[in-house]
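Now for the letters of each chain:
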Amino acid sequence: MIVFKIQVSEELREKIKQTVQDQLHDLEDGEPFAILDGGRVIVGYRQGGKVVIEQIVDKVIGP
């Protein structure tokens, strides 16, 4: 189960679901993670049997 604490488009929701399902076995309970999606970062964590998506960072800066 994936819980979205933010509003996302249906297209992005499906993209996140697919990414999380493919990587869920690598996540430990309580472990935060980030999904890179082009120029943005999607931040969440695993909590028991569910994944919580908390935030999307649209502005990513680097060196």
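Since the model is a prediction, treat every value here as computed from it, not as a measurement.

Parameters and conventions
Residues numbered from 1 in each chain as written. Predicted model: local features only at pLDDT ≥ 70, side-chain atom pairs only at ≥ 80, totals over all residues. Heavy atoms only, no water. Phe/Tyr/Trp six-rings, centres within 6.5 Å; stacked < 30°, edge-to-face > 60°. Lys NZ or Arg CZ within 6 Å of the ring centre and 35° of its normal. Helix = DSSP H or I, 4+ residues; strand = E, 2+ residues; numbered from the N terminus. Expected span 1.5 Å × (residues − 1). Buried < 20%, exposed > 50% of the residue type's maximum accessible area, 1.4 Å probe, protein only. Arc of directions from axis to C-beta. Contact = heavy atoms within 4.5 Å. Patch = residues over 30% accessible without salt bridge, like charges linked within 9 Å, V, L, I, M, F, W, Y side chains within 5 Å. Areas by Shrake-Rupley, 256 points an atom, 1.4 Å probe, with all protein chains shown as cover. Salt bridge = Lys/Arg side-chain N within 4 Å of Asp/Glu carboxyl O. Lys, Arg positive; Asp, Glu negative; His and termini not counted. Charge placed at Lys NZ, Arg CZ, Asp CG, Glu CD. Pairing = 2+ DSSP bridges.

Student: Hey, could you run me through the packing of aromatic side chains in this one?
Tutor: Here a ring pair, both rings aromatic, is described through the centre-centre distance and the interplanar angle of the planes. Tallied over the entire structure, the rule returns 0 aromatic pairs. Directly above the ring of Phe-4 sits Arg-13, whose terminal nitrogen or CZ lies 4.2 Å from the centroid.

Student: Quick question: what am I supposed to make of helix H1 (residues 10-23) here?
Tutor: Since the α-helix turns once every 3.6 residues, residues separated by three or four places project in the same direction. Its 14 residues place the ends of H1 20 Å apart at the C-alpha level, agreeing with the 20 Å of an ideal helix rising 1.5 Å per residue. When we look at burial in H1, the residues that qualify are Leu-12, Ile-16 and Val-20. Axial view of H1: buried residues confined to an arc of 65 degrees, hence all on one face. Facing away from the buried surface of H1 by more than 90 degrees, the exposed residues are Glu-10, Glu-11 and Gln-21. Residues of H1 that are buried in the fold lie against strand E1 (2-4), strand E2 (32-37), strand E3 (40-47) and strand E4 (50-57).

Student: What's the story with a negative patch on the surface in this structure? I'm lost.
Tutor: There is a patch of like negative charges on the surface, built from Asp-26, Glu-28, Asp-29 and Glu-31. On the basis of relative accessible area, Glu-31 is assigned to the partly exposed category, the value being 31%.

Student: Help me understand the pairing of E4 in this model?
Tutor: A regular strand places its side chains so that they alternate between the two faces of the sheet. As defined by bridge partners, E1 adjoins E4 across 3 bridges and the pair is classed as parallel. Along E4, the bridge assignment pairs Ile-2 with Val-51. Judged from the 7 bridges that link them, E3 and E4 form a sheet pairing that is antiparallel. In the sheet register, Val-43 faces E4, and the bridge partner there is Gln-55. Connecting E3 to the antiparallel partner E4 that follows it, the hairpin turn spans 2 residues, and Gly-48 within it adopts a positive phi of roughly 60 degrees.

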